[in-house]
Amino acid sequence: AQNNSDSLYFYNQSLNNLNIDHKSNTYLLSNPISKLGSVELFYNNYSGGYKPVQQAQKNTLVGLYTEGINKFGKFTTSGYFGFTKTWQDSLIWSTKGLEEDHQPYYYGSIKSGSFERIKYNLGGNVSYNLIKDKLYIGGGTNFMYNNSTRSTDPRPEVNSYNIIITPEATYRFKNQYVGLKAKWGYGTEETSISFKNNDFKLSTN
């Protein structure tokens, strides 16, 4: 009794397909959806002591996420924007910027402290029908920026960002789509650490 028109965001299989479509113009063109949009505001709170040692005792997140698809004339477009603010309490053994489990211990942060993180994600795809219903050209871009700071010695500030650009061409043969995509990316992470207490700054222990 379910179909794409009434359960796209509530039916796991169609939602997974939609997430894939956002990553490529070729997938997007083969999708029959012509207009789609969603906006999500969220608040999450997690706490507990049963956790890996490099995870916080308490995590609080608030954020906004919006995405959409629009096909008009010879153009097919999709885009998304996400913003997340995170507060973490009692985080030790870590000065990491991005939330990645495989980063090593930072032995200088044996004392628990509070982290604040701000993260932006935005990007999209656009394609143009160069030869009617045959050849499509376009591309996409994705951008991420993350800032993390800690309010207890050591006091790191970690700024991370990356950008990915993906030019793409798609050829349609009847109901089949063949795409060719290239990917170029650049990213960097800058870390600075400061101390307010000289006992920590000058300690070799």
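See above for the structure.
Quick caveat, the model's predicted, so the values are computed rather than measured.

Chemist: Can you help me understand the pattern of salt bridges in this one?
Modeler: Side chains bearing opposite charge may pair, as long as their charged atoms lie close to each other. Applying the stated rule across the entire model yields 4 salt bridges. With its nearest N and O atoms 3.2 Å apart, the salt bridge here joins Lys85 to Glu116. Of this pair, Lys85 sits in strand E3 (residues 75-91) while Glu116 is found in strand E4 (residues 113-131), placing the two residues 31 residues apart along the sequence. The closest approach of N and O atoms between Arg117 and Glu99, which form a salt bridge, is 3.1 Å. Of the two residues, Arg117 sits in strand E4 while Glu99 sits in the loop between E3 and E4, which places them 18 residues apart along the sequence. Here the salt bridges share partners, and the residues they tie into one network are Lys96, Glu99 and Arg117.

Chemist: Quick question: what am I supposed to make of the packing of aromatic side chains here?
Modeler: To describe a pair of aromatic rings, one takes the distance between the centres and the angle between the planes. Within the structure shown, the criterion is met by 9 aromatic pairs. Here Trp93 and Tyr107 contribute two aromatic rings whose centre-to-centre distance is 5.9 Å and whose plane-to-plane angle is 75°, an arrangement assigned as edge-to-face. Here the residue Trp93 occupies a position in the loop between E3 and E4, and Tyr107 occupies one in the loop between E3 and E4, the gap between them amounting to 14 residues. Ring centres of Phe143 and Tyr161 lie 6.3 Å apart, and the angle between their planes is 35°; this geometry places the pair in the tilted category. Placement of the pair is Phe143 in strand E5 (residues 135-150) and Tyr161 in strand E6 (residues 155-173), with a sequence separation of 18 residues. With relative accessibility at 29%, the residue Phe143 sits in the partly exposed group. An aromatic cluster is built from Phe72, Phe75 and Tyr128, whose rings are joined through pairwise contacts.

Chemist: When you look at the environment of Lys58 in this model, what are you seeing that I'm missing?
Modeler: Relative to the helices and strands, Lys58 is located in strand E2 (residues 58-72). Residue Lys58 is classed as partly exposed on the basis of its relative accessible area, which comes to 38%. Separated by 56 residues in sequence, Lys58 and Ser114 have C-alpha atoms that sit 9.6 Å apart. Contact partners of Lys58, with chain neighbours within four places excluded, come to Asn45, Tyr46, Ser47, Trp87, Gln88 and Asp89.

Chemist: Explain the side chain of Glu168 here, please?
Modeler: With respect to the element layout, Glu168 can be found in strand E6. For Glu168, which is buried and forms no salt bridge, the nearest opposite charge comes from Lys181, at a distance of 4.8 Å. Engagement of the side chain of Glu168 in a polar contact is seen with the side chain of Ser24, the distance being 2.9 Å. A distance of 2.7 Å separates a polar atom in the side chain of Glu168 from a polar atom in the side chain of Thr26. Non-local contacts of Glu168, meaning those with residues more than four positions away in its chain, are made with Ser24, Asn25, Thr26, Tyr136, Ile137, Gly138, Gly139, Leu180 and Lys181.

Conventions used here
Residues numbered from 1 in each chain as written. Predicted model: local features only at pLDDT ≥ 70, side-chain atom pairs only at ≥ 80, totals over all residues. Heavy atoms only, no water. Salt bridge = Lys/Arg side-chain N within 4 Å of Asp/Glu carboxyl O. Helix = DSSP H or I, 4+ residues; strand = E, 2+ residues; numbered from the N terminus. Phe/Tyr/Trp six-rings, centres within 6.5 Å; stacked < 30°, edge-to-face > 60°. Buried < 20%, exposed > 50% of the residue type's maximum accessible area, 1.4 Å probe, protein only. Contact = heavy atoms within 4.5 Å. Lys, Arg positive; Asp, Glu negative; His and termini not counted. Polar contact = N/O pair within 3.5 Å; in protein donor to acceptor, adjacent residues only side chain to side chain.

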